[in-house]
Amino acid sequence: RKEVEQDPGPFNVPEGATVAFNCTYSNSASQSFFWYRQDCRKEPKLLMSVYSSGNEDGRFTAQLNRASQYISLLIRDSKLSDSATYLCVVKGSKLIFGQGTTLQVKP
Amino acid sequence: ETGVTQSPTHLIKTRGQQVTLRCSSQSGHNTVSWYQQALGQGPQFIFQYYREEENGRGNFPPRFSGLQFPNYSSELNVNALELDDSALYLCASSPGTQETQYFGPGTRLLVL
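### With respect to the packing of aromatic side chains
So, point 1. Following the criterion strictly, the structure yields 12 aromatic pairs over all chains and no others.
So, point 2. Taken together, a centroid distance of 4.9 Å and an interplanar angle of 45° make the contact between A:Y25 and A:F33 tilted. Note on accessibility: A:Y25 and A:F33 belong to one class, buried.
So, point 3. Here the aromatic residues A:F34, A:Y36, A:F97, B:Y35, B:F45 and B:F103 are joined through ring pairs into a cluster of three or more.

In structure tokens form, the structure reads like this:
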């Protein structure tokens, strides 16, 4: 079993749609959680940290459920520029990345 | 831009050869981590260097080795290259071992 699991997609959605990505992790001792965004052939960039209380940054909302070892990312009012791969990342002694979920927003 | 630079940007090698990849960390950052990202996969942690010492290693064989210099720049060396070593190699710098990591643009390695 992978330490961090994500549905690779792709998720194809129209502009303006709301889309949600999920991620599960296996190590209950994990300390910190993040979502990174990676554009095609570019490096990953930190999108947002994820907190147990849930946190929001504009159109993006992240949630963490420690009991279920589950992390989510919700994107509202999708833009064409949101098209990218979204990487779920769990941190214990090191960063562990999921496979990534590809989002394609269509006009 | 993060201020993390990597060289070269692309590289083609043949099986059995050796390669050295370089990373310059962002100013003020003393920690460099290296990752391997195969096509369609997330980055996999190779190792981390903190103040010139290795500080954690992932599940990679000993032919993957590294160095960190007094200016905190770093090298990744891979000996006896195999076809499966073809990947994007990313380095990330941070101001400490537990702080947010900032990625460089990566080096694309193709092994033929």
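### Observations concerning the interface of chain B and chain A
So, point 1. Between chain B and chain A, the contact holds 18 residues from the first and 17 residues from the second.
So, point 2. The largest per-residue losses of area from chain B upon contact with chain A belong to B:P43, B:F103 and B:R108, which jointly make up 29% of the total buried on that side.
So, point 3. Those elements that provide at least two residues to the side of chain B that touches chain A are β4 (31–37) and β9 (87–94) of chain B.

### Some remarks on the pattern of salt bridges
Residues and elements named next belong to chain B.
So, point 1. What the rule picks out here adds up to eight salt bridges over all chains.
So, point 2. In this structure, E82 and R63 form a salt bridge, with 3.3 Å as the shortest nitrogen-oxygen distance. One end of the pair, E82, is in the loop between β8 (74–78) and β9; the other, R63, is in the loop between β6 (53–57) and β7 (64–68), and 19 residues separate them in sequence.
So, point 3. Owing to a relative accessible area of 40%, E82 belongs among the partly exposed residues under this scheme.
So, point 4. Within this structure, R63, E82 and D85 form a network of salt bridges that share partners.

### Considerations on the state of the cysteines
Residue and element names in this part refer to chain A.
So, point 1. Tallying each qualifying case throughout the model produces two disulfides over all chains.
So, point 2. Here C23 connects covalently by a disulfide to C88, the sulfurs 2.0 Å from one another. As the torsion about the S-S bond is roughly -70°, the C23-C88 disulfide counts as left-handed. One end of the pair, C23, is in strand β3 (residues 19–25); the other, C88, is in strand β9 (residues 84–91), with 65 residues separating them in the sequence. C88 carries the same exposure label as C23, and that label is buried.

### Points about the sheet that holds strand β1 (residues 4–6) of chain A
Hydrogen bonds between backbone atoms are what pair the strands of a sheet, whose relative direction is either parallel or antiparallel.
Residues and elements named next belong to chain A.
So, point 1. Read across the open sheet, the five strands follow the order β1-β3-β8-β7-β6; overall the sheet is antiparallel. One side of each edge strand has no neighbouring strand; the edge strands of this open sheet are β1 and β6 (55–57). With direction set aside, neighbouring strand axes in the sheet form an average angle of 20°.
So, point 2. The pairing of β3 with strand β8 (residues 70–75) spans six bridges and is classified as antiparallel. When the bridges of β8 are listed, C23 appears paired with I71.

Conventions adopted
Residues numbered from 1 in each chain as written. Chains lettered and ligands numbered in written order. Predicted model: local features only at pLDDT ≥ 70, side-chain atom pairs only at ≥ 80, totals over all residues. Heavy atoms only, no water. Phe/Tyr/Trp six-rings, centres within 6.5 Å; stacked < 30°, edge-to-face > 60°. Buried < 20%, exposed > 50% of the residue type's maximum accessible area, 1.4 Å probe, protein only. Contact = heavy atoms within 4.5 Å. Buried area = accessible area lost by both parts, 1.4 Å probe. Helix = DSSP H or I, 4+ residues; strand = E, 2+ residues; numbered from the N terminus. Salt bridge = Lys/Arg side-chain N within 4 Å of Asp/Glu carboxyl O. Disulfide = S-S within 2.5 Å. Pairing = 2+ DSSP bridges. Axes fitted to C-alpha atoms, helices over the stretch in contact; angles between N-to-C directions.

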